[in-house]
There are 2 protein chains.
Amino acid sequence: MTEEAEVAEDLTPTSESEQQAPHFLQDVIFHGKFKLLKALTPQENSHSQHGLFFQDGQRHVDYVLTYPVKKPSGGRSIRSSAHLLTKNAVARSLRRGPKRLEEHLKNHQAQKPRDSQAADVELGLHGETLSSQEDHKMFRREEFEGKLSDMGLELEKDEDAKIPGVCFVKIHAPWNVLCREAELMKLKMPTKKVYEVKQSGSVMEKIGSLVSKVLEPLHPQVEDYQSRNFKHLSHTFSREKKHLFDLSDKDYFFDSRTRSSMVYEILKRTKCKAKYSMGITSLLGSGVYTAAYPLHDGDIIEDSAESNDRKLLYEEWANYSVFYKYQPIGLVRKYFGEKIGLYFAWLGLYTQMLIPASLVGVIVFLYGCASVDDNIPSMEICHPKNNITMCPLCDGVCSYWKLSTACGTARASHLFDNPATVFFSIFMALWAAMFMEHWKRRQMRLNHEWDLTGFEDEEDHPRAEYEFRVMQKSLSKDKKSRHKREKLTCQDRLPAYMTNIVMMLLMIGVTFAIVFGVILFRISTKAALHLSSNPTTRNHVQLTVKTTAAIINLVVILILDEVYGAVARWLTVLEVPKTDKSFEERLIFKTFILKFFNAFTPIIYIAFFRGRLVGRPGSYLYVFESYRMEECAHGGCLMELCIQLSITMLGKQLIQNNLFEIGIPKLKKLIRYIRSKRGAFQEEERQKKLQRYEADHFLEPFAGLTPEYMEMIIQFGFVTLFVASFPLAPLFALLNNIIEIRLDAKKFVAELRRPVAARAKDIGIWYNILRGVAKVAVIINAFVISFTSDFIPRMVYQYMYSPDGSMHGFVNHTLSYFNVSHFQEGKETMDPMHLGYPVEICRYKDYREPPWSTTPYEISKEFWAVLAVRLAFVIVFQNVVMLMSDVVDWLIPDIPKDISLQIHKEKILLVDLFMKEEQGKIHNNLESKASTEGKENCSSRSNNNNNSSTTAHQRSGLHNNSTKSL
Amino acid sequence: MTEEAEVAEDLTPTSESEQQAPHFLQDVIFHGKFKLLKALTPQENSHSQHGLFFQDGQRHVDYVLTYPVKKPSGGRSIRSSAHLLTKNAVARSLRRGPKRLEEHLKNHQAQKPRDSQAADVELGLHGETLSSQEDHKMFRREEFEGKLSDMGLELEKDEDAKIPGVCFVKIHAPWNVLCREAELMKLKMPTKKVYEVKQSGSVMEKIGSLVSKVLEPLHPQVEDYQSRNFKHLSHTFSREKKHLFDLSDKDYFFDSRTRSSMVYEILKRTKCKAKYSMGITSLLGSGVYTAAYPLHDGDIIEDSAESNDRKLLYEEWANYSVFYKYQPIGLVRKYFGEKIGLYFAWLGLYTQMLIPASLVGVIVFLYGCASVDDNIPSMEICHPKNNITMCPLCDGVCSYWKLSTACGTARASHLFDNPATVFFSIFMALWAAMFMEHWKRRQMRLNHEWDLTGFEDEEDHPRAEYEFRVMQKSLSKDKKSRHKREKLTCQDRLPAYMTNIVMMLLMIGVTFAIVFGVILFRISTKAALHLSSNPTTRNHVQLTVKTTAAIINLVVILILDEVYGAVARWLTVLEVPKTDKSFEERLIFKTFILKFFNAFTPIIYIAFFRGRLVGRPGSYLYVFESYRMEECAHGGCLMELCIQLSITMLGKQLIQNNLFEIGIPKLKKLIRYIRSKRGAFQEEERQKKLQRYEADHFLEPFAGLTPEYMEMIIQFGFVTLFVASFPLAPLFALLNNIIEIRLDAKKFVAELRRPVAARAKDIGIWYNILRGVAKVAVIINAFVISFTSDFIPRMVYQYMYSPDGSMHGFVNHTLSYFNVSHFQEGKETMDPMHLGYPVEICRYKDYREPPWSTTPYEISKEFWAVLAVRLAFVIVFQNVVMLMSDVVDWLIPDIPKDISLQIHKEKILLVDLFMKEEQGKIHNNLESKASTEGKENCSSRSNNNNNSSTTAHQRSGLHNNSTKSL
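As the structure is a prediction and not an experimental result, all values here were calculated from the model. (Residues numbered from 1 in each chain as written. Chains lettered and ligands numbered in written order. Predicted model: local features only at pLDDT ≥ 70, side-chain atom pairs only at ≥ 80, totals over all residues. Heavy atoms only, no water.)

Novice: Which residues make up the overall build of chain A, and what are the values?
Specialist: Check the secondary structure of chain A and you find 34 helices and 16 strands. When contacts within chain A are restricted to residue pairs at least 6 apart in sequence, those whose partners lie at least 24 apart make up 80%. For chain A, the accessible surface area stands at approximately 43,900 Å², while carbon and sulfur atoms represent 61% of it. (Helix = DSSP H or I, 4+ residues; strand = E, 2+ residues; numbered from the N terminus. Contact = heavy atoms within 4.5 Å. Areas by Shrake-Rupley, 256 points an atom, 1.4 Å probe, with all protein chains shown as cover.)

In structure tokens form, the structure reads like this:
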């Protein structure tokens, strides 16, 4: 045996050396089992931990593929016998002796199609029951699963699952495959070496421990599987450096998340050589397989089940009753992987950061409430002695009115239009900068804790759709083109790009059109209601119209949001991006633009355009030559902006985020349940305990984090963009997010299939979008303060025109005079005596020359002065706030001090470790080898050739073996 | 022997396992040679390639340390005999048999001080000739060199060098040390695997090849040591993966740059345990060693010498005659390392990018020249019929003047103040963004070419000064403090920080004061010159004063630049930063702030403050109650800004960059030459061929890239910040840089000692500074266009006030009226009839109400309108240009497409390679072992214990050995 095995190892260059013999042995064993499996009764399944393990109860199921089977199982049995035939060929060839092995290996790739062909012919005879398409898919599966076995994976099929029509392929990755993949993925794993994480100064230490003691109840009760004061030194896993790692428990050295992501890596890498090469994505896309997912760790509901990470997460995280606690981010990452971990860490930090923001926001709002009685302009408006006669608000039916009737609005305006809002918008700009910085630091800290330093994002494999298009293209070019690898050029994509641009513009146009439509609705309704003879109706005109319009806007936004999401996805599919990453980025970009326009266009209209293009009495601007453009109520448009903002934000959050997110999954589940019930799914079978993989099959597949992030980014927009006009926005966002975190957690833990763990160092494009929103927020807030609010006119009046430096006389100063005899014909009011006295001069809000000046109704010097100051304020505000943000950015180091010290320390420790190791090599080897020798089956098996040497030689031989295995 | 050697390997845990035996053998051999060396005559040195190799002509000198020796060599001989004694102890102990070796090793660390003590006693007897300080230094050296030998380095001393008073310690790193360091530094080395770098599309390919054919003569004639179409796959060097690399020529596998940087790494890591631990920096700082440098590759001057990289660089790069060619960046990096390579690559790209900028600048300037005759405002000023009487320019002595006398200035102003400058400043803002993006791409490309992907900046070792301060602190605390590692807290640094802030403010204050002084000079001189009776003097007043003031400014800037450089360094030393990197960053930050203020304060004054605070006729503003604030000439201040800018920029470049940079090194060399001549340095000895290490000792040490970068950043400031007023700046910068590149190259190749190659992925903090300057440039240009130039008033006039939409009447519109009877008493002109007619109304440039309005001399409505438009322009310009820059940033991918494809391809190739390798492991091992077996002395030597086994066993044993060596 020794000799032959050695020869086999020496002469087989087409397959991996080390796993060869064991792999093929296992292959045979596996297929032996495969046959046995059929004979097993369902009762015997129960003790294999409900489907978390193979039938032998030993090998963990790391991944599951499903495919449909026809219910009349006549065809199936033929098929499966054919399948066994193919596999038996391998077994047979093995039985013919080791010499054949090599030959077989060389022919392995070639033999497979031949076998398939043979099976094809065989099927051709019996195969009336199978459509040719089904047939095709089966061959793909055969090929794919064969290749997976070649890569060292072990498969087990379960066709007799309790869900009829679905066959499950369970995949297990044995230890040597895991080692190989860990090396290829350059995974950093904790070594045996432990070091102490020192706290910095002594004073800081005390404060730190005090704070942590106070915050103790806020921490979730998950065991600190990673003690806080000690950290394992990590090192890239390598089979040559096995002695560094604690391999005493090989089953748990790589946890379930890591194992499933390794299997997924192999699945992605493995390609069927069909017309074009098909990876797992293409196979899923073309329906060869229907689903591919890793398994959850266990059940959440039953009390009897022993504790598992999923249950722990469900209890300590995905639970509304722990809403006040920190999230167990480490555990989330351990279970779901870094990408999802980062999302929840980000969401958590954002929610945390909203606490101070909403506190300050509430204080600012309260300041507004408290100071409303000291506000001179509103006092002047409300004072009955100030009997200023205002020009009519609409043509014809409206009459002159007293300014004092606008008292209520003026007082309400003050709540949102006071000096504190200026402070608040500066505060929020800096808050945004701080948030960014904190996130960068948080991210660095997590990267360090999760051993991601040095990890570089790898470019993805091409998407299935892309490869399909490339294949199509090369097929159409066919003969004349050289046989080189094609790719999609700009020319190929031109139609898609054109469609994209046109559709995007169209969609934005639709948004604008709808906003304009709502404006028209508002104007016309107002005009109609003014005509109404009912005085109560007329009194409530303003409020009715505003509220109705805002609600219409909200409904439109909600509907368009869904439409735009679908359109963006459709457009991105049209583009055929090459990789998943590029697909995601393009999709996000488009969705963001569309949803952003959708959410903010009506608000921007109210903030910056409404009431600007009104004209003046005597020459108003008209839309469609009959409707006067809308004005803002006295006291600026800020009040209306605030109403619109709060309705949009609250409505969106309540309806879209919570109602939709809770309701729709429940609805879908119900539908699926009903459908599966209709689909001859026996209720009594359901009563029986479902296998883990069957239970997971009933869950929703994971659809990516994009919608979750998008929701939060739009919310971030509401919180920062117009914060000058609505200081309560952070509070509402905070309340929403406290629910949102647990809602999302519940979804991930209980309602979705377990996502494949993806490594990620950062939140990617979202960070840039956040930065962009924060930047735009500075500019928009500058404009809101200087143009929408009355802050600047008040300042200008106080410091330039006020006779006594106070605000007295401000209201009078902002109102221009109009001689009623200058009204255009037919536009004058029909009820000039409404106020009880004849009016000669009425007032309107604008800076214009009085009728008696040399240039009547011209824009006055005050207008230009106020405009100049407004613009100057914008420049100063924008640049000062940006500078301050940059300073914040610059002052707060991106890498927390303690982390950078720790990284430095780890580097030194590693160099020390290696230097020492070089000295004590042999000594160490002796120990580590002795301890792991018993468990290293694979290595000791192929090492039999050495067993006749001396002990020293065997030792070196052992080492030789582990070296070879990379 | 076999057995004993094995025992020795097993039981010596204090030193590196593999190099132990050979190292000690070599040690003995070396010290044998050391003795032999003394006996060698100088004639025998000549064939060892002039000092590039050890005396044996085999081992390459990778690094040189020098220390001073007393000229009366009486003390020396005693010392060196003592030294030999110590070393002989080792040799003796070795001679006593291998059993002693182990024991000796255990005592090695302990023995050294004992030996030293013994030597100390010995010296105490004879040692009146040596001061105790000299003595101390000698012990440090002993200890340090001993530790270096422990680390595996080989040393050779040359005390009989031709430079008296200097002893050279030559250091050679043997192969196994190089391998170890390469592993620790995670160096990526080219593997044997070669792959083809594919050109993208076929059309692009043709264009590319055409372009490269056209550009062929522009490429420097250095052999393409890295063929363009093929690239070696790189992989982190590891002794376990030796078979991947082409180790056929071990002497050149690591080039001289890499070897010297490895030795430097070891030098930095090795610490003397003195009162506080001293690395090489502390030893250099405390004068234990006087210099530490790697050697240049060879001579540049002589024709006979065979080609070496230095000579090639001198001919093809550091040469004014090749100014039009690309730089051989690959070779520069190969010789000087990545950090310097990046500097020159950056400088090259910057210069290249200046070409389009200066082209457009010249075109804009020419447009100004061409359109000067069509310019209506200057035509109106020059037209003799427009006899506008202007108010006097100074009190008393000046009289009324005709506007037409300002004709020349007005025409000249137009050259720099025309609509094209607006276009040009937008262009330059985008140019800056493009430059940044191009640099990012260039950097990525170089990172890939230089195999730096995945390299992470390591934190440096603490600086000597820092460790000294920490030691002082812990000594002063001494007893009461626990024995934990101290560090400098904020409290320790508080005085330094305070000094820093105060000094920085003071220095900036000095700058402001000087600018103010120059203003006063200008005002008073002008007043004095106006008093002069000489009419020619009076006519040239403006020009004289302006030029003189600008020259004074220039001189002050030049002087302060040097002062500020010194101050910044002093302040940074005070701060005691922890690492070299932090030292550099702090120094750069301070130097940048000071130099920036120094260079730009006078310019900013002229651009934004001059002529703004003048007051109006009848109520001028006075400085010190007697001098009127200066006004700009008619036509805006842009002209003066332009003069100031050009004088400062040209003067700074000509005098500082070129004169100083060429002159000062020459001067220093001369001084050193004279001094060494005075210092009893025999001319005849100089005539003899100097050893390489002696020749290099005469060169200037390398002082970092900071001054080079700083010069360029300030220039970048001149090119971008005020480009709206001086479109020729890019041209001047271009001309300067073409010289600058070659000047710097000459300096690096011929006048400086070879710097230790430092790895770097990017240009670090400079990139951020560049970004900052580019950002500030946008804002400053916006203000220059809208406030300094007359662009906005012209626009406003044309579109708001002009009766016929043309510029006719603009001049009249900008001039306000003044009734001469309103002059303050004593301020009216003494010569009212100067123009030959009595003046009642004179005109001045401002927007104010005429004397006959209800509010005479008040700021007019036009002023506010123009101001509002100016501010609006600033907002629009700033945001549009910033948005465009961001779009440019976003559109141009940071990683060039071909590079990202190549990276992806390399990853796939690597996975393939490893997968294949795993299969063909044994086969490969056989081959690679056979080929390298002959050369691997160190490994085969310690492998003798296996020589009685079978071939197969020996093979595995060999492998075992190479595994052990990490």
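Novice: Residues and numbers for the UniProt feature "transmembrane region" (unreviewed entry) in chain A, please.
Specialist: Residue and element names in this part refer to chain A. Residues given the UniProt feature "transmembrane region" (unreviewed entry) here are residues 343-367, 420-436, 501-523, 543-567, 587-608, 712-735 and 769-792. Along residues 543-567, the helical share is 100% and the strand share 0%, with 35 Å between the first and last C-alpha atoms. Secondary structure content for residues 587-608 is 100% helix and 0% strand, and the end C-alpha separation is 30 Å. (UniProt positions renumbered as here; feature names shortened; annotations may be inferred.)

Novice: Kindly report on unusual backbone geometry, identifying the contributing residues and their values.
Specialist: Although it is not a glycine, A:D451 sits at a positive phi angle of roughly 55°. Mapping A:D451 onto the fold places it in the loop between α16 (419-449) and α17 (464-477).

Novice: So what's going on with the environment of B:E143? Which residues, and what values?
Specialist: Residue and element names in this part refer to chain B. You can see E143 is positioned in helix α5 (residues 132-150). For E143 and C272, which are 129 residues apart along the polypeptide, the C-alpha to C-alpha distance reads 6.6 Å. Sequence-distant contacts of E143, defined by excluding residues within four places in its chain, comprise C272 and K273.

Novice: Kindly report on the packing of aromatic side chains, identifying the contributing residues and their values.
Specialist: Under the counting rule described, the total for this entry stands at 97 aromatic pairs over all chains. Here the aromatic rings of A:F592 and A:F596 are separated by 4.9 Å at their centres, their planes lie at 35°, and the arrangement is tilted. In this pair, A:F592 and A:F596 both sit in helix α21 (residues 580-609), four residues apart, roughly one turn of the helix. There is no split in this pair, since A:F592 and A:F596 are both buried. Against the face of A:Y67 rests A:R141, its NZ or CZ located 3.8 Å from the ring centre. Cation over ring: B:R754 sits above B:Y335, and NZ or CZ is 3.9 Å from the ring centre. (Phe/Tyr/Trp six-rings, centres within 6.5 Å; stacked < 30°, edge-to-face > 60°. Buried < 20%, exposed > 50% of the residue type's maximum accessible area, 1.4 Å probe, protein only. Lys NZ or Arg CZ within 6 Å of the ring centre and 35° of its normal.)

Novice: Summarise the packing of helix α28 (residues 791-801) of chain B against helix α30 (residues 861-891) of chain B; cite the residues concerned and give the values.
Specialist: All names here are of chain B. Where α28 meets α30, the closest approach of the two axes is 10 Å, and the angle between their N-to-C directions is 120°. For the element pair α28 and α30, the recorded crossing hand is right-handed. Counted together, F791, I792, P793, V796, M800 and Y801 of α28 and E862, A865, V866, V869, R870 and F873 of α30 form the full contact between these two elements. Of the residues in the contact of α28 with α30, the class split is ten nonpolar, no polar and two charged. (Axes fitted to C-alpha atoms, helices over the stretch in contact; angles between N-to-C directions. Left-handed = near helix turned anticlockwise from the far one by under 90°. Nonpolar A, V, L, I, M, F, W, Y, C, P; charged D, E, K, R; others polar.)

Novice: Tell me about the pattern of salt bridges, residues and numbers included.
Specialist: Residue and element names in this part refer to chain A. Counted according to the given criterion, the structure contains 60 salt bridges over all chains. The partner of R259 in a salt bridge is D62, and the shortest N-O contact between them spans 2.7 Å. You can see R259 sitting in helix α9 (residues 256-269) and its partner D62 sitting in the loop between α2 (17-39) and β1 (63-68), a full 197 residues away along the chain. Salt bridges here are not isolated pairs; linked through shared partners, they connect E437, K440, R771, D889 and D894. (Salt bridge = Lys/Arg side-chain N within 4 Å of Asp/Glu carboxyl O.)

Novice: Could you give an account of the state of the cysteines, with specific residues and numbers?
Specialist: Residue and element names in this part refer to chain A. Inspection of every chain in the model, using the stated rule, returns four disulfides over all chains. Disulfide pairing is shown between C382 and C407; the S-S distance is 1.9 Å. Every disulfide takes its handedness from the sign of the S-S torsion; for C382 and C407 that torsion is 90°, giving right-handed. With C382 in helix α14 (residues 376-382) and C407 in helix α15 (residues 407-416), this pair connects stretches of sequence that are 25 residues apart. In this structure C382 comes out as partly exposed when scored by relative accessible area, which is 22%. The class for C407 is buried, based on a relative accessible area of 19%. Linked covalently through their sulfurs, C391 and C842 form a disulfide whose S-S length is 1.8 Å. With the S-S bond torsion at 85°, the cross-link from C391 to C842 turns out right-handed. (Disulfide = S-S within 2.5 Å.)

Novice: Hey, could you go over the nonpolar core for me, with residue numbers and the actual values?
Specialist: Grouped together as the largest cluster of nonpolar side chains are 236 residues, with contacts concentrated most on A:F722 and B:F722. Residue contacts for A:F722: discarding those within four places in its chain leaves A:F600, A:I603, A:I604, A:A607, A:F608, A:L641, A:L645, A:G717, A:I780, A:N781 and A:V784. (Core = buried A, V, L, I, M, F, W, Y, C linked by side-chain atoms within 4.5 Å.)

Novice: I'd like a description of the packing of helix α27 (residues 765-788) of chain A against helix α30 (residues 861-891) of chain A, backed by residues and values.
Specialist: All names here are of chain A. Between α27 and α30, the shortest axis-to-axis distance is 9 Å and the interhelical angle comes to 150°. Put simply, α27 runs roughly antiparallel to α30. Crossing handedness for the pair α27 and α30: right-handed. Two secondary-structure elements touch here, α27 through R771, K775, V778, I779, N781, A782, F783, I785, S786 and F787 and α30 through L867, R870, L871, F873, V874, F877, Q878, V881, M882 and D889. (Parallel < 35°, antiparallel > 145°, perpendicular 65-115°, else oblique.)

Novice: Provide a residue-level description of the environment of B:F608, including the pertinent values.
Specialist: Summarising the element assignment, B:F608 is placed in helix α21 (residues 580-609). Note: C-alpha distance between B:F608 and B:L638 (30 residues apart in sequence) is 10.0 Å.

Novice: Requested: an account of the environment of A:V214, with residues and values cited.
Specialist: For A:V214, the position within the fold is in helix α7 (residues 202-214). The spatial distance from the C-alpha of A:V214 to the C-alpha of A:M434 is 24 Å, given a sequence separation of 220 residues.

Novice: So what's going on with the sheet that holds strand β8 (residues 291-293) of chain B? Which residues, and what values?
Specialist: Hydrogen bonds between backbone groups are what pair the strands of a sheet, and the pairing can be parallel or antiparallel. Residue and element names in this part refer to chain B. Taken in spatial order, the four strands line up as β2-β3-β1-β8 in an open sheet, and their pairing is antiparallel. Two strands close off the open sheet at either side, each with one partner strand: β2 (154-158) and β8. With strand direction ignored, the average angle separating the axes of adjacent strands in the sheet is 20°. Pairing of β2 with strand β3 (residues 166-172) involves five bridges; the strand directions are antiparallel. For D158, the partnering residue across the bridge sits in β3 and is F168. (Pairing = 2+ DSSP bridges.)

Novice: How would you sum up the confidence of the model for chain A? Please name residues and give values.
Specialist: Residue and element names in this part refer to chain A. Overall, the predicted model of chain A reaches an average pLDDT of 76, with 76% of residues at or above 70. Averaged pLDDT values over the elements of chain A bottom out at 39 in helix α34 (residues 951-964) and peak at 93 in helix α13 (residues 338-370). Counting contacts from residues 1-48, a segment whose pLDDT is below 50, to residues more than four positions away or on other chains yields 77 contacts. Interface predicted TM-score (ipTM) for the complex: 0.80; the corresponding pTM is 0.81. (pLDDT = per-residue confidence, 0-100.)

Novice: Hey, could you go over the sheet that holds β1(A) for me, with residue numbers and the actual values?
Specialist: All names here are of chain A. With antiparallel pairing, the four strands of this open sheet are ordered in space as β2-β3-β1-β8. Whereas interior strands pair on both sides, the edge strands pair on one side only; in this sheet they are β2 (154-158) and β8 (291-293). If you compare each strand with its neighbour and ignore which way they point, the axes differ by 20° on average. Looking at chain direction, β1 and strand β3 (residues 166-172) are connected through six bridges and run antiparallel. Looking at β3, one finds that Y63 is bridged to I171. Packing of α9 onto the sheet brings it into contact with β1 and β3, and relative to β1 it is tilted by some 50°.

Novice: Outline a nonpolar patch on the surface, listing residues and values.
Specialist: Residues A:F589, B:L883, B:V887, B:W890 and B:L891 make up a contiguous nonpolar surface patch of roughly 530 Å² in combined accessible area. Residue contributions to the nonpolar patch peak at four residues, all from α30(B). (Patch = residues over 30% accessible without salt bridge, like charges linked within 9 Å, V, L, I, M, F, W, Y side chains within 5 Å.)

Novice: Just give me the short version of the pairing of β2(B), but keep the residues and values in it.
Specialist: Extensive coverage of β2(B) is indicated by the burial of five of its five residues. Because side chains alternate across β2(B), one face comprises the buried residues B:E154, B:E156 and B:D158, and the other comprises B:L155 and B:K157, equally buried.

Novice: Any details on helix α20 (residues 541-575) of chain B? Residues and values, ideally.
Specialist: The first and last C-alpha atoms of α20(B) sit 49 Å apart over 35 residues, in line with the 51 Å expected at 1.5 Å per residue. One or two steps after α20(B), the chain reaches B:V576, where phi turns positive at roughly 50°. (Expected span 1.5 Å × (residues − 1).)

Novice: How would you explain helix α28 (residues 791-801) of chain A if you had to name every residue and give the values?
Specialist: What α28(A) keeps buried is the set A:F791, A:I792, A:P793, A:R794, A:V796 and A:Y797. Where the residues of α28(A) are buried, they touch α14, α16, α27, α29 (810-814) and α30 of chain A.

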